[in-house]
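Residue-level structural notes
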Amino acid sequence: MLTDGWREVTAGAFHPGADALGKLWQTADTRGQEPAAESLAALVRHLQSAPWMLHDDGSATLHAAYPLGLNALAKGWIVDRMVELAWSLPGIRAVMINAGGDLRTTGGRGLEVMVADPFTARDDDPPLVQVHLQNGALASSGSAYRGVQVGDRWHSHLIDPRSGLPVQNVSGVTVTAPDCATADALATALSVLGLQAGLTLTDGTPGCAALIITPDGQRHPSTLWPPDVPVR
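Right, let's walk through the structure included here.

The rules behind these values
- Residues numbered from 1 in each chain as written.
- Predicted model: local features only at pLDDT ≥ 70, side-chain atom pairs only at ≥ 80, totals over all residues.
- Heavy atoms only, no water.
- Pairing = 2+ DSSP bridges.
- Helix = DSSP H or I, 4+ residues; strand = E, 2+ residues; numbered from the N terminus.
- Axes fitted to C-alpha atoms, helices over the stretch in contact; angles between N-to-C directions.
- Core = buried A, V, L, I, M, F, W, Y, C linked by side-chain atoms within 4.5 Å.
- Buried < 20%, exposed > 50% of the residue type's maximum accessible area, 1.4 Å probe, protein only.
- Contact = heavy atoms within 4.5 Å.
- Salt bridge = Lys/Arg side-chain N within 4 Å of Asp/Glu carboxyl O.

If you walk across this open sheet you meet the 6 strands as β3-β4-β7-β10-β11-β12, and the pairing is antiparallel. Only two strands of the sheet have a single partner each, and these edge strands are β3 (94–99) and β12 (219–221). Pairwise comparison of adjacent strand axes, ignoring direction, gives a mean angle of 10 degrees for this sheet. Relative to β12, strand β11 (residues 209–213) is paired through 3 bridges, and the arrangement is antiparallel.

Next comes the structure, spelled out in structure tokens:
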């Protein structure tokens, strides 16, 4: 249900079939040659149809004949379930779960989160910004750590399901949201949608804020994104 909702609200920019496109680009990395345009176009046509049909009894009929992946929101969903479980235990006053940068906090005074610069893969480089997070979730997406090298060109690991091509117009995204599944999915969607459509979607998603970094290094905050806090 969550995946279908994001696929519909983004008009296909968020799609579980993006993993199939990713496999084509991973093969291109190995061969040193970009995927054939015909192969990409054929798979993109398949992605225009719903990958499954959900039934009222909770079952589903799978239509897709291509690989599917839920990793664009599954980690956030798991973080949410872990936080809820821990928070339900007696005597717990604060909970923070961090799963590789997708994190959520409940209770306590919150915490300061350092957001990595999307233009460097070095862990010891200065962070981009500092965000105070309390009773909410944060997720980031970017191309500094993951991607494919095809010949002399570096491509993002994030693929636009509508075109089959790696994203180019967004270098990094950080999202805050009430829950981690939303933050996780929105971070991926904004990377694909691009600047203006991404900011519009963020402002239309209750309780969410985003900072989008474009390839020229410019920072583009959504309406609810807080003012920059000096990094300590």
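Now that the structure has been shown, we can carry on.
Moving on, we get to the nonpolar core. Membership of the largest hydrophobic core comes to 32 residues, with the highest contact counts inside it found for Val175 and Leu190. At the level of secondary structure, the elements contributing two or more residues to this core comprise α4 (71–87), β3, β7 (136–142), β10 (172–177), α5 (180–193), α6 (195–203) and β11. For this core, the element with the most residues is α5, which contributes 9 residues. Leucine 190 has contacts with Val170, Val173, Val175, Gly198, Leu201, Thr202, Ala210 and Ile212, leaving out every residue within four places of it along the chain. Counting 13 residues, the second largest nonpolar core, distinct from the first, contains Ala20, Val44, Ala64 and Val150.

In this section: the pattern of salt bridges. This structure, assessed with the given rule, holds 6 salt bridges. In this structure, the salt-bridge partner of arginine 7 is aspartate 4, at a minimum N-O distance of 3.5 Å. You can see arginine 7 and its partner aspartate 4 sitting in helix α1 (residues 2–9), 3 residues apart, about one turn around the helix. Considered together, arginine 7 and aspartate 4 belong to a single accessibility category, that of buried residues. For the salt bridge of arginine 162 with aspartate 160, the shortest nitrogen-to-oxygen distance reads 2.9 Å. The buried category is assigned to aspartate 160, whose relative accessible area is 12%. One connected set of salt bridges, linked through shared partners, spans Asp80, Arg81, Glu84 and Arg104.

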